[in-house]
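# Observations on chain architecture
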Amino acid sequence: MMRFLAVGVGLFVLGFTLPAQAQSLGNAGTIEGSVLDPSGAAVANAKVTVHNPVSGYEQSTMTGTDGSFRLSNIPPNPYHLEVSAPGFAVFAQDITIRNAIPVAIKATLAVAGERTSVTVEAAGADILEVDPSAHVDVDRSLMLKMPAIDPGGSLSQAITYSTGGVAADANGLFHPLGDHAQSSFVIDGQPVSDQQSKVFSTQLPTSAIQSMEVVTGTPDAEFGDKSSLIANITTRSGLGVGRVFGSLETFYGSFGTVGAAAGLGFGNARVGNFLALDGTRSGRFLDTPEFTAFHDKGNNESIFDRLDYQPNSHDAFHLNLFSARNWIQTPNDYDQLSQDQHQRVVTWNIAPGFQHTFNPHTLLTVNPYIRKDEFFYYGSRDPFADTPSTQNSARQLLNWGLKSDLSVSYGRHNVKVGIDLKQTRLLENFGFGITDETFNPICVDGDGNPAGPPTLLDPNQCAGAGFVANPNLSVGLVPFDLTRGGSLFAFHATGNINQAAFYVHDSIKAGDFLFNAGFRFDRYDGISSANGFEPRVGVAYNIKKTGTVLRAAYARTLETPFNENLLLSSATGVGGLDQNIFGAQAVPIPPGSRNQFNIGLQQAVGRYLLIDADYFWKYTNNAYDFSTLLNTSITFPIAWNKSKLDGVTGRVSTTNLRGFQAYWTFGHTRARYFPPETGGLISQGAPLAGGVFRIDHDQAFQSTGVFRYQHKTAEWVAFTWRYDSGLVVSGIPDSDATLALTAAQQTSIGLACGGVFATFTSPITECGGPVTSKLITLPQAGTENDDHNPDRVKPRHVLNLGIGTDNLLHREGHTRVTASVDIANLTNKVALYNFLSTFSGTHFLQPRTVVARIGLVF
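## As for the pattern of salt bridges
Inspection of every chain in the model, using the stated rule, returns 33 salt bridges. Its salt-bridge partner being Asp-481, residue Arg-484 comes within 3.0 Å of it at the nearest N-O pair. Judged on exposure class, the residue Arg-484 and its partner Asp-481 are both buried. Across the pair Asp-614 and Arg-551 runs a salt bridge whose closest N-O atoms are separated by 3.2 Å. Residue Asp-614 is found in strand β32 (residues 609-628), and its partner Arg-551 is found in strand β30 (residues 548-559); the two are separated by 63 residues along the sequence. Side by side, Asp-614 and Arg-551 carry an identical accessibility label, which is buried.

And the structure:
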């Protein structure tokens, strides 16, 4: 690992020593050039604007006295560029940003009234992307007006509400294209593949984000680790703005939600800085196991700063600093009112970056980084106040590394060659003990109910005491049963995960074709080891006459295990701790391998509508998931023997039509997993042990409609409609299983026998008629099939509404007062994300939530 890092440092030093045009950090691009009149003289104070009509991204600047201009930090996309100046005709050109290599433009303006030619493609071409991989683009203008409320989880909401094929789950989790959470974030060139949900870590706030490119198709060779969804994030920058700018905002809403945000930026052509401060507190911070929220207070604070420095036209430096903290109570349900469990997460991140442009065709990028997550979970002061178990956790994840690549653009070729080196240092402390003597009984009576005194520890003695040995006894948990004189299970371990990758990628333009050809080699050394030899190929064909792009791609990928609680989970072996005496059959969770195929198309309808659809098929050996520890937010990574995932994703988008803009995303996924399972603390249960099953990432259909109208630059209204057909419920396979639920659990899901509903005082213990539920589909006994007819959450429609203004006082100038009201779950729909899932637990959607905001922009 140190040899690889030495090579990376050598590249970093090389970037400083070689003699050195201006550029942007990460994958963001730069457009620079000059504006001239017909005689060749410079045109000063000309306005230069780039605009993407689908994402809504726009950036403008004015030319200097020498007619030069520069637009920086532009997300990869096709753009329409216009140059205007008094007395001259407008110059227009369609251009495409593919990488960070600067694009040079020479704009010669014609005198007003004269005819001039412009390099603009046919109608619809400026909204098409000739790219073999499916993706969507999300701009800050969309995120600002998205009426979705999730304290500490706005980034997850932006991805879920903008991307097809993403199934929503609780607490900022989402399932991309049938996988559990195989997602990576690339922030200004820094790769982050560890979990970013607020129960694991802290998220970058959307107030710090300028734009995102969310890739759901086959990944290019530069991307590894977790590649089912890749969010390429470009943060906000002050470079080249030429003035001080910023915003102040405060908000208040339902559940005592209160918070504030502040942003401040400034910069010129050489130096720029942007700072974002965010804080929020809510009485419903996490999604709850009951529709009513109690014991659910939480707060989040974060600070982000980006510093840019361009000493000359050849070199660019930046420094990203991020620190954040979550403090969260673990929500209780009606069976656990005495619990007082809570958790704390602290994150810090330092990520410098450097780029050097050797010539107009060659660019070196170097991104070192270091990031640390600390997670602490605290049980109640009285361990027996926690049911059915008490637990505590203190773990750390320190990730440091370097990503560096050399980009060369020459003729038809755009080549990128690079390395991706990193080490993740893990430290885990964990304690666990059973506090309910009925949770894992040694003996049962003739009806299967827990029986026998706590002093009875040997199942062979059950018959002599007049009972029957528990056929479902988890032998591995008996030593940690505090009700039977056991002791807390105590675990401590440290370990390092070393990863090194080399990649090469070439994007080849050949007429109306675009070919991608790449190769990636991965070396993974951790608790287990593996090599990955990964070809990546793709082709896109632009049928200009019809405004159509056809695409197809293939990728081989090395899939890496989740790092959170990896050491403990790898020590428990097949079936988890409850199936083994700890350590007796330890089986480390190994990396997986995947073959992925995608085919798709884009279709432009005039200049106003874009249709994008993609079919995916993914076959994986060693497919990953999480196992949630009972009713806590503590999870353990697990691996299944294999998975087969396929489905369809899509998006229909409009351009801005006189202030109105809309899009509709959709997705269908089949997620089939195959035992056996390795890792975890508590096993996944008998219903999943027999063969192939649909995991709780499987959802037949989901879609999101987002509709927005803004009157000029002031008043606006936004409306979202989210439909989910329902995730699989793995913990309750059929109607018979519900009869063993507690009265509170039956009441929460609206369980009924022959139309008579369970209550807190009258649970249903036997039923001669049909057993039904208001919230889960509940196949009747004998009709359930883990693969073809599993239990599911019932379908739901959720509506959100936002109303606001970007200029409350209708004042001219940069200083404006803003105000808005967001309403999430407008109809107060009672619905579940999941119920007693062995992978994610029980969580309800948020009830109707209202948040009012007022701010100042300058």
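After that view, the rundown keeps rolling.
## So, empty space enclosed by the protein
Taken as a whole, the largest cavity encloses approximately 420 Å³ of empty space. Elements with a minimum of two residues in the lining of the largest cavity: α3 (154-162), β37 (715-724) and β41 (796-805). Taken together, the residues that form the lining of the largest cavity break down as 13 nonpolar, 11 polar and 8 charged. Considered as a void within the structure, the second largest cavity measures approximately 280 Å³ in volume. Lining the second largest cavity are 23 residues; nearest its centre among them are His-135, Val-136, Gln-602, Asp-612 and Arg-651. Listed by contribution, the elements that provide at least two residues to the lining of the second largest cavity are β5 (77-84), β8 (135-139), β32 and β33 (635-654). For the lining of the second largest cavity, the leading source of residues is β33, giving 4 residues.

## Here we look at the sheet that holds strand β1 (residues 29-36)
If you walk across this open sheet you meet the 3 strands as β4-β1-β7, and the pairing is mixed. Looking at the sheet topology across the chains shown, the edges are occupied by β4 (68-74) and β7 (103-108). Neighbouring strand axes in the sheet, compared pairwise and without regard to direction, differ in orientation by 20° on average. One ladder, built from 5 bridges, connects β1 with β4; its direction is antiparallel. Bridged to Gly-29 within β4 is Ile-74.

## Considering the environment of Thr-620
Considering the arrangement of structural elements, one finds Thr-620 in strand β32. By relative accessible area, Thr-620 is classed as buried at 2%. For the pair Thr-620 and Lys-644, spaced 24 residues apart in the sequence, the C-alpha separation amounts to 6.5 Å. Among residues more than four places away in sequence, those in contact with Thr-620 are Glu-559, Ser-593, Arg-594, Asn-641, Lys-642 and Ser-643. Here the side chain of Thr-620 touches Arg-594 through a polar contact of 2.8 Å, side chain to side chain.

Reading the values: the criteria
For every chain, the first residue of the written sequence is number 1, and numbering continues from 1 along that sequence. Predicted model: local features are reported for residues with pLDDT of at least 70 only, side-chain atom pairs are reported and counted for 80 or more only, and whole-chain, interface and lining totals are derived from all residues. Computation of side-chain values covers all heavy atoms of the structure but excludes hydrogens and water. Just to be clear on terms, a salt bridge is a Lys or Arg side-chain nitrogen sitting within 4 Å of an Asp or Glu carboxyl oxygen. Accessibility here uses a 1.4 Å probe with only protein chains present; expressed as a share of the type maximum, an area under 20% marks a residue as buried, one over 50% as exposed, and anything in between as partly exposed. Counting from the N terminus, the helices are DSSP H or I runs at least four residues long and the strands are E runs at least two residues long. Here a cavity denotes grid points, spaced 1 Å and computed from the protein atoms alone, that fit a 1.4 Å probe unable to get out, and a pocket denotes an open set having protein on both sides within 12 Å along at least 5 of 7 lines; residues with an atom within 4 Å of a point are the lining. Grid points are joined across faces, edges and corners, and a volume is the space filled by probe spheres set on the points. Just so you know the grouping, Ala, Val, Leu, Ile, Met, Phe, Trp, Tyr, Cys and Pro go in nonpolar, Asp, Glu, Lys and Arg go in charged, and all remaining residues, Gly too, go in polar. Between any two strands, pairing holds if DSSP finds at least two bridges. The axes used here are C-alpha line fits, helices contributing only the stretch in contact, and every angle between their N-to-C directions lies in the interval 0 to 180 degrees. Note on contacts: a residue pair qualifies if any of its non-hydrogen atoms lie within 4.5 Å across the two residues. What qualifies as a polar contact is a pair of N or O atoms within 3.5 Å, subject to a donor-acceptor requirement within protein and to the restriction that residues adjacent in sequence count only when both atoms come from side chains.

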